[in-house]
Every structure is written in C-alpha cells, then in structure tokens.
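Each chain, written out:
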Amino acid sequence: MRNVNIAERASHSRPHPYSRAAAPLPTIQAALEHHRAGHLPQAKALYQQILQIEPNHPDALHYLGAIASHEGIFEDAVELISKAARIRPSRAMHYNLGNALKATGKLDRAAESYRKALALKPDYAEAHVNLGNVLQAQGKLGEAIRHYRSALVSNPALAGAHVNLGNALNEQGKPGEAVASYLRALRIKSSQESEIGFAQSVTRLRFNQEIAGARSSLIRAISEPWGRPGDFVAPGVSLVELDPAIRECVDRAASAWPTRLSGPELFGPGGLAALAGDRLLQCLLENAPISDLRMERLLTMARIALLDAASEAIFPGTTDEKALPFYCALARQCFINEYVFACTDEESERAKLLRQRLVAALASGSPFPVLWLVAVAAYFPLASLPSAYALPDHPWPDPVAGLLTQQVREPAEELRLRAAIPRLTAIEDEVSLLVQQQYEENPYPRWVKAPTGIKAACTDDFAQIQSLGKGDWLKILVAGCGTGQHSIQVAQQFPNAKVLAVDLSLASLGYAKRKTRELGLTNVEYVQADIMQLAGIGQTFDVIESAGVLHHLADPLAGWKILLSLLRPGGFMRLGLYSERARQHIVAARRFIAERGYTPSAEGIRQCRQELMAVENNALLKRLTSSSDFYGASPCRDLIFNVQEHRYTLPQLKENFVELGLDFIGFSVDPGTLNQYGKRFPADRAKTDLDNWNIFENENPGTFFGMYQFWVQKRG
C-alpha cells in the first residue's frame, strides 16, 4: 500500500496570541479567541474588518491566510501570508506559508519557507517534519531523513515524524531501520499510517534478533490484518525461529528428513510446550500457507505426532488443553494449503483408519476423543465426512469450533452461494474449458483474511488513478477475479463504484462471494463468464483490471482487444502479465514436470514438490522454494502446472501499447525498486521509459518476479 506522509498541522488551529498592530486591541483579541475555539467564520469576519481599518496588519493577514488554507483556497493563502511575512516575518508565518506553497505544488518555494522558519527556530520540530516531506517528494531522501531525525531530537514523541522517517528509509531500501521507526511510532500511537508502513516494510525483513514490539505488531498485522497475511509469513517464521527450543525442533526435522521423527524425538525434552505456547506461530498457521521449507518439514512431522496422539486416545475429554490450540491450528494450516504436506503410505493408511473410526462413532452417536476430529481434519476436509454438517451444532472448545467453521460451515456457505451465481456468457473455447476445470478443482488463491479500509487501497500513487477518488459513478470490470482478493481490493479502494467481477470457475466465485459478504461489501456483482465472450455483453467500463489472467488465454492479444472494446475512451486498465526474464525457473520446472510425467492431481503435486525440494544441483529449480505459491496445492498448480502460459518482454509490451492505442502510466512496484530505478535513470522522472525499464530488468532479473503489473490509459 501507498505510504502516507503525515504533515504537521498548520498554525491556524492554534494561532499565536501576539499582536502589536494599530487596530483596536479588543477586535484582534476577539478574532483570536474565535480562531482558537474553531469558530472560523466569525474569526474570518473579524480579520477582514481589521484589514479594512489597517490593510497591512500582519497578524490579520497571516491568520486570514491560515483560514484560507484550511478552506483549501491555497493561492489566496499564499498571497495573504506572503504579504504578512514581508511586513513582520515570524517562524509561524514562514511555516504556514510553506504549507500553503506545498499544497499548490510549489515545492522549491515551500522548502525555502520552511528553512526560513528553521533559521528563526532551529529546533522547530514541525518545520523539520514538513521540510522532510517536501524533500522526500522531490526524491531527496537523504536530506529528508536528516530533517526527520532533527525533528525527533527536538520532540521524540512526534509519531508522525517516526512514520515519515520509516517511509523514507523503506524507500531507500532499508527495511530494518524502517521497521524500527514504525515500531517507535506504534508505541507512541497506533495509526493507519504506522500500521501500513510497518506492514509494507516488514515483509522484506528477516529477523536475526528480537526487536521490542515486533512480535506483537506482527501478530496484529496478521490477525487484524494490516496487509495480506501471506506477505508476513517469511518475517513471522524468522521471528518464531528465534526461540531456541523451536529452532532446535526445526533443525532436528530438517536434518532427519526424509526420515520421520517420533513426537519425543522431534519436540525434545521440553515436549510440545514451545510450539504450543507461541502465539505468533499459531497466528501464522491459521491465516496463511507456511511458505518455508524447513518449517514445512517440522509441521509435517508434527502432524504425525498429532496422528499418534489421536490414535492412542481412547476416552473423551482427555486432551491436553495446552496442545489442543496448536493441533487445531495445524489442522487449519493443512486445510489452507490443501493437504500439500508429504505423506508416507503407512501414515496415509493410519489416517484413513482413524477416519473410519470417527465416521463409525458419528454414525452410532458414540462419544469420541476430540483429537480424533482434529487429526482427521489434518488429513481430510471435515466436510467430506458423512453428516459433517451437524458437527458445528455441538458444543466444542473454541479452537475446535474455529476448525469446524473453516472446514464445514464455510464450504457449505460457498456451495449455497455458487448455486445462485448467474452465467453471463457461454464457455466454449477449448483452452478456456481446460482452465475452468483447473480452477474448479483448485480455486486460487485460498486466502483467509483481507485488509480493509485504507489498508486495502491500491499501492499505486499515480496521479491519474488517485484522481478517481472513491469511484463516484465509476463502472469497473475485474476480468478473472479468482477467489476474490483482487475484486475485494478494488471494491474497497473505490467504495462508490459499481464493480462487476467475472471468472470461469464457480468454485472460485463461490469463495469470492462468501468473502465479500463476510466483509460487508455490497458494490460487487459476481458472474460466471469467459473473457473471450465478453464483447457481446453490451456494457462499457471506466476501469478494467485483469491481473494474472490474459497470459493463460490461447490468444492473449485477442483477449486484450476484447477487454479494450469494453473500455471507454480515456479509461484506465490495470494488467498483470508474466515476465519471460523473471520466469526462467518456471520454464525449467514445467520442462521438469513434462519429462517426469507428473499430473496435476493432489498426489502428483505432492510428489513433484518433494522431488523439486530435494534438487541440489539445479539453481533454477531451487529458486522455486522461494516462491510462496510453491507451498499450497492450488497455488503450486497455478505456478508450475498451469494449462496455458504465455510470457512477455518489455519490448513486446511496448509494441502492444502502440498497436492498441494505450498510454503507459507506470508499474506497480515497491518503493525500494522505484528508488533504485530512479538512481539508475534520474532523467526519467515519470519512470515510464520502457527502454530504460528493459535495461533495468536485464540488470535486475528478479524485479518482476511475480508479474509485470502496470496501468495503461486508453486514448480518447
């Protein structure tokens, strides 16, 4: 998400009480009292009366200018405060003049005004902050950072200065220092800006030591959430492993693999206590696939320990209360990743036997140990059990109730919702039918939580997109919405827009509709449709978004042209397309799969993953384990087993833009990458020269590791 710089308030909110002007003293005092009390119309009228008596009264000019600034009439504010400053300059005048100039986009003059304020008061913290904001907007990050730090020397309690310092450090590519700044801001006062900043920067950080507040903030970031929980897995796992007892468990599992350790061998003398007592680990398990190879080895063996404990349990009510939340979280993790963990034949047979015992107990109404239910849920979705839909109606411990909601209630709701989703077009194209089958079997991505409000806003800071505001009167098409992450983000970014979201897969649409209802969004309509058939729907749109979709079509350019036919002149389009250069490891993996004959079945995906994990002498294939999509059945199928995949180069995209009559607005990339590009090509202030970006990608092949994600505008 876009970092938001916090500007200190202009002095109009609390005008300084001095006045040495010729106007009658009671009049200026009355104006100041109204101003301090927030009665701006009365204050404004009195200032104007004073200026009728004495046109050059500096305080009346200054504070009338401050009110103009408050009203958004910045040109008037600049004129009034400039005149006051020429008559009797003060630090407050220079400061407020800087604010008004900044609002009009006159950044050089704004910086000059802030510097004049600082010349009169070198420890003027607010002036340091706002000068830093101007310098950061000009790309002068080093100078901006110096002024933020000067502000914090004067006033360490300025939460906004800590946030802005974090923003600048994050843009400089220093996530560790940025996280430290955001944590200081969070300790002073938690705000949307500090939470967003922390969420953006911590995703690029791997902890090698505990940092005060990091663990609790990461738990909040995942559970509230402040971003997509999957983005917090890598930093979260690195924090979890700082616990020596857990790190030893991970080491034992990784060293022994592929040999499976028993529970006592795996957990060591401390038993399950360290794992069961780690709130961050439990939070991660419940909210996102654990995209870490070593931790997956540990969890695979922990699942066997759960199976052992459940198989040995005979009497109901004998479960370890401390272990139950961890085991339930582990079962939820298995459901989230769609049972992608490796499973030996013996383990599989034991799990099936336990499932049979549970089914028999449910059929007879006999009591059973709760661990039976939890262990079965770690190997099979509970909704597959006969009479599963009656399970949530029984009283259960909270962790088990949460597990049943995930595996029984929510899938039932999706089935009910998908039955009512209308079909907008026919699905007849051969490739479209194959892609539909893939995503009916494996809806992608399987996600748990989405950020809301400002945290869900688009990460892009392009003026053209920001000008759309909340989307009043906009019609937006999300072409290929999958399980709804993208359509929900769009609906939250443009809450006043009408969003039409289409996809081939009813399973994906059912998931998307459930999550949309869960978040209380009412401005999204979901329909089943094929992009290749959309030309005849008789609708046009102001914005069309299609990320990660066109490159799966038989003819991506034909699909792109169809979408453009639905876009109004001057409309905006956001696309995501695979990079040829960044996906060489995927090309290698697809070749590996074809050579060995792996199929995209659940067992085929599990077996293929294990063989790829074991690769030692192929650098391209080893890169796969760094992708979060490798750690779940649906995302792994999407990553390397996809029915159809096209890849692009930047010269090719440049040609497409010319052919299709599109103006390139910019790439959706992180602030660090933009800063790095800006240093490499300082003359390209707009950062839109595709020839330069091609050079940059050649020098930094991982830049578009996920996709080229970019905005274009259709010429009017």
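Residues numbered from 1 in each chain as written. Predicted model: local features only at pLDDT ≥ 70, side-chain atom pairs only at ≥ 80, totals over all residues. Heavy atoms only, no water.

A. Fine view of the side chain of Glu414. With respect to the secondary-structure elements, Glu414 resides in helix 22 (residues 398–418). Ignoring any residue separated from it by four or fewer positions in sequence, one finds Glu414 in contact with Gly510, Tyr511 and Arg514. (Helix = DSSP H or I, 4+ residues; strand = E, 2+ residues; numbered from the N terminus. Contact = heavy atoms within 4.5 Å.)

B. Structural detail: the pairing of strand 2 (residues 498–503). Most of strand 2 is tucked away: 5 of the 6 residues are buried. Looking at chain direction, strand 1 (residues 475–479) and strand 2 are connected through 5 bridges and run parallel. Across the sheet, the residue bridging to Lys475 is Lys498, located in strand 2. Handedness of the crossover is the feature at issue here: the chain leaves strand 1, passes through helix 25 (residues 485–493), returns alongside strand 2, and the resulting connection is right-handed. Bridge count for strand 2 against strand 3 (residues 524–528) is 5 bridges, and the pairing is parallel. (Buried < 20%, exposed > 50% of the residue type's maximum accessible area, 1.4 Å probe, protein only. Pairing = 2+ DSSP bridges. Right-handed = clockwise from strand over helix to strand, strands pointing away.)

C. Spatial organisation of the sheet that holds strand 3. Ordered in space as 3-2-1-4-5-7-6, the 7 strands form an open sheet in which the pairing is mixed. The open sheet has two edge strands with one neighbour each: strand 3 and strand 6 (662–667). This sheet shows a mean twist of 20° between the axes of neighbouring strands, independent of strand direction. In terms of strand pairing, strand 4 (residues 541–547) meets strand 5 (residues 567–577) through 6 bridges, oriented parallel. Pairing of Ile544 across the sheet is with Met573, part of strand 5. (Axes fitted to C-alpha atoms, helices over the stretch in contact; angles between N-to-C directions.)

D. Main features of helix 23 (residues 430–441). Taking 1.5 Å per residue as the helical rise, helix 23 with its 12 residues ought to reach 16 Å, and the 17 Å between its terminal C-alpha atoms agrees with that figure. Looking only at helix 23, the buried set comprises Val431, Ser432, Val435, Gln436, Gln438 and Tyr439. One side of helix 23 holds all its buried residues, which, seen down the axis, span an arc of 160°. Along its buried surface, helix 23 packs onto helix 26 (506–518), strand 3 and helix 31 (633–640). The N-terminus of helix 23 is capped by Asp429, whose side-chain oxygen sits 3.1 Å from the backbone nitrogen of Val431. (Expected span 1.5 Å × (residues − 1). Arc of directions from axis to C-beta. Polar contact = N/O pair within 3.5 Å; in protein donor to acceptor, adjacent residues only side chain to side chain.)

E. Highlighting the pattern of salt bridges. Taken as a whole, this structure holds 43 salt bridges when the rule is applied. The salt bridge partner of Arg418 is Glu440, with a shortest N-O separation of 3.7 Å. Separated by 22 residues along the polypeptide, Arg418 in helix 22 and Glu440 in helix 23 bring together distant segments of the chain. When its relative accessible area of 27% is taken as the criterion, Arg418 is described as partly exposed. We note a salt bridge from Asp691 to Lys654, for which the minimum N-O separation is 2.9 Å. One end of the pair, Asp691, is in helix 34 (residues 690–699); the other, Lys654, is in helix 32 (residues 650–660), and 37 residues separate them in sequence. For Asp691, a relative accessible area of 43% corresponds to the partly exposed category. Several salt bridges converge on common partners, so that one network encompasses Glu410, Glu414, Arg514, Lys515 and Glu518. (Salt bridge = Lys/Arg side-chain N within 4 Å of Asp/Glu carboxyl O.)

Nothing here speaks to function; it is geometry throughout.
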